[in-house]
Amino acid sequence: MDQLMTRADWYAQHSGGGWRTARTAHRCDRVGRDGLRCMGRMAPGQKYFDSNQHNQRSSSQWGTIKLCEACANQEIQS
């Protein structure tokens, strides 16, 4: 049976992600099923969720998927 959980909970269980405080401005990396990227932004000092999964679109080898608070707290089916 499918169960509802937040996107942050899913990433935490599958890759050990966690909440962080932004030191610099970031754009949310969530891409929806329609292929559109979230327009959410994290300003310095704001909370965001670091998925701890490599971001394929990042030019850095250490770049991870960063989610704004709204996307991280969105309920999904596991």
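Everything here concerns the structure above.
Reference entry: report on the structure contained in this document. (Residues numbered from 1 in each chain as written. Predicted model: local features only at pLDDT ≥ 70, side-chain atom pairs only at ≥ 80, totals over all residues. Heavy atoms only, no water.)

Section: the overall build of the protein chain
- Summing up its helical and strand segments, the protein chain has two helices and seven strands in all.
- Against the compact-globule benchmark of 12 Å for 78 residues, the protein chain has a radius of gyration of 12 Å, which places it among compact chains.
- Along the three orthogonal principal directions, the C-alpha set of the protein chain runs to about 40 × 25 × 25 Å.
- Across the 78 residues of the protein chain, 36% fall into the buried class.
- A separation of at least 24 residues holds for 59% of the contacts in the protein chain among residues at least 6 apart in sequence.
- Counting only carbon and sulfur atoms, one obtains 46% of the accessible surface of the protein chain, whose full area is about 5,400 Å². (Helix = DSSP H or I, 4+ residues; strand = E, 2+ residues; numbered from the N terminus. Rg over C-alpha atoms; globule rule 2.2 N^0.38 Å. Buried < 20%, exposed > 50% of the residue type's maximum accessible area, 1.4 Å probe, protein only. Contact = heavy atoms within 4.5 Å. Areas by Shrake-Rupley, 256 points an atom, 1.4 Å probe, with all protein chains shown as cover.)

Observations regarding the environment of arginine 30
- Topologically, arginine 30 is positioned in the loop between strand S3 (26–27) and strand S4 (41–42).
- Residues arginine 30 and threonine 6 lie 24 residues apart in sequence; the distance between their C-alpha atoms is 14 Å.
- Beyond its immediate chain neighbours, meaning those up to four positions away, arginine 30 contacts Arg7, Leu36, Arg37, Cys38, Leu67, Cys71 and Gln74.

Notes on the packing of aromatic side chains
- For the structure shown, the criterion picks out two aromatic pairs.
- Pairing tryptophan 10 with tyrosine 11 gives two aromatic rings, centres 5.3 Å apart and planes at 85°, and the pair type is edge-to-face.
- Overall, the relative accessible area of 28% leaves tryptophan 10 in the partly exposed class.
- Both rings, one in tryptophan 19 and one in phenylalanine 49, keep their centres 5.4 Å apart while their planes meet at 80°; by these two values the pair is edge-to-face. Taken together, the residues tryptophan 19 in strand S2 (residues 18–21) and phenylalanine 49 in strand S5 (residues 47–54) connect sequence positions 30 residues apart. (Phe/Tyr/Trp six-rings, centres within 6.5 Å; stacked < 30°, edge-to-face > 60°.)

As for the nonpolar core
- Counting residues in each nonpolar core, the largest one holds 13 residues, and the members touching the most others are Cys28, Met42, Phe49, Leu67, Cys68 and Cys71.
- Every residue in contact with cysteine 68, bar those within four places of it in the chain, is listed here: Cys28, Cys38, Gly40 and Met42. (Core = buried A, V, L, I, M, F, W, Y, C linked by side-chain atoms within 4.5 Å.)

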